[in-house]
Amino acid sequence: MVQAVPLKVLAGSSFLDRPVTGGYASDMLSLVMAGAKAGNVWVTMQGHPNVAAVASLLGLAAVVVTEDSPVDPATLQRAEENGVPVLATGLDTFSLVAELARLGVRGVRSGPGS
Amino acid sequence: MNSLRPIFADLHLHTVASACAEVEMIPPLIVRRARELGIELLAVTDHHSVENAAAVQEAARAVGIEVLAGMEVQTREEVHVVCYFDDTVQAEQWQEMIWKRLPGMANRPEFFGEQYVVDATGAYVRTNERLLQTSTDLSFDELFWLAEQWGVLAVPAHVDRPRYSLFANLGVLPETVRLPGVEISRNIAPQEALRRFPSLRGLGMVQSGDAHRLKEMTNSTLLKLKEPTAQEVRKALLGQEGRSVKILEER
């Protein structure tokens, strides 16, 4: 995924081998806490340290920060400590999700493949 | 040693400087409603503006209601935070700093509403033509860091709301910021807030109206302060030196 899109690795480069179970996109952390599943890739514009906390809490496979939004250094530090890969792209969320879908990553509520 | 006194307060209030506020939110009507409700301390907290604070202060002076200058700031994560100032010059400098962190676009009153600066009688002085009702580029953590540097009291607003709030947008209490306390909305009882957000236990809590119309002003927060200042409110939230804050049931 990192090579195919491609994505920059900001943190957690030694944890990139986890299987991806699906994807979830939102900038509202409360919704992510309620909606994302373990092993998901989370696509967001948020760079707050709570992003690393929530990703770790849910056991997500990775976080992708879109539009090269600023990511707080504390976020990267916490992600590194918690083994959460933080990836970045210049693409906007819509375009990135389209790319991920092309690679076979599916939304948590999407039906059988097309 | 001056004694502490109980003061009923509503620390989140919009005037006609906020695009989303009703036209009735002018100084004399705000003061009259505060009197009816027995509110003794108000804070004017318009969106990214302190321009109407002095007018409300002037209107309130004659009836002995105290008014803090304040501002509601929207962080990059779209979390609302109310800020309080003890010094008019500082409030204006803070406003200047905040305006530089806004996108520098013009307000579109047909979408957002007008942003009027008024005098103590409510008479029109000027229109603020900046787009104020949008996010600054400050992160939540950066805003609290700045507030600490400036000695400004900053409190996350209406943390129980489903949008523009700490819990909705950032999920959990950040471990990276030391909060003096939080504000809950008028829609939730403090016990219910603690049940829904157990991490609030031990934090000072105020309940404020976030009034955009007169009937939304709220008088449930009872502070015990030496004097009605932002620094005293900070002490009350932190429970320092006998200062305290309590949210009463319906008054």
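Here goes a summary of the coordinates provided. (Residues numbered from 1 in each chain as written. Chains lettered and ligands numbered in written order. Predicted model: local features only at pLDDT ≥ 70, side-chain atom pairs only at ≥ 80, totals over all residues.)

So, about the environment of Phe 8 of chain B. Of note, Phe 8 of chain B is situated in strand β1 (residues 5-13). Between the C-alpha atom of Phe 8 of chain B and that of Arg 101 of chain B, which follows or precedes it by 93 residues, the distance is 34 Å. (Helix = DSSP H or I, 4+ residues; strand = E, 2+ residues; numbered from the N terminus.)

All names here are of chain B. Pairing within the open sheet is mixed, and its seven strands lie in the order β7-β4-β3-β2-β1-β10-β11. Across the chains shown, the open sheet's two edge strands, defined by having one partner strand only, are β7 (153-156) and β11 (244-247). Averaged over all adjacent pairs, the angle separating strand axes in this sheet is 30°, with direction ignored. With three bridges connecting them, β1 and strand β2 (residues 41-47) associate as parallel partners. Pairing of Leu 13 across the sheet is with Val 44, part of β2. Here helix α5 (residues 140-150) sits on the sheet in contact with β3 (66-74), β4 (80-85) and β7, set at roughly 155° to β7. (Pairing = 2+ DSSP bridges. Axes fitted to C-alpha atoms, helices over the stretch in contact; angles between N-to-C directions. Contact = placed C-beta atoms within 7 Å.)

Here we take up the sheet that holds strand β1 (residues 8-11) of chain A. Residue and element names in this part refer to chain A. Taken in spatial order, the five strands of this open sheet run β1-β5-β4-β3-β2, and their pairing is mixed. The open sheet has two edge strands, β1 and β2 (22-25), and neither has a second partner. Strand-to-strand, the axes of this sheet are offset by a mean angle of 25°, without reference to chain direction. Examined bridge by bridge, strand β3 (residues 40-44) and strand β4 (residues 62-65) share four bridges and lie parallel to one another. Among the inter-strand pairings, Trp 42 is bridged to a residue of β4, identified as Val 63. Docked against the sheet, helix α3 (residues 73-82) engages β1 and β5 (86-88), running at close to 85° with respect to β1.

Let us look at the interface of chain A and chain B. Chain A puts 13 residues into the contact, and the matching count from chain B is twelve residues. Elements supplying a minimum of two residues to the side of chain A that touches chain B: α1 (29-35) and α2 (49-58) of chain A.

Cis geometry is found at the peptide bond from Val 5 of chain A to Pro 6 of chain A, where omega equals -5°. By the secondary structure assignment, Pro 6 of chain A is in the segment before β1. Non-glycine residue His 48 of chain B carries a positive phi angle of around 55°. Secondary-structure assignment places His 48 of chain B in the loop between β2 and α2 (53-61). The phi dihedral of Glu 78 of chain B is positive, around 65°, even though this residue is not glycine. For Glu 78 of chain B, the position within the fold is in the loop between β3 and β4.

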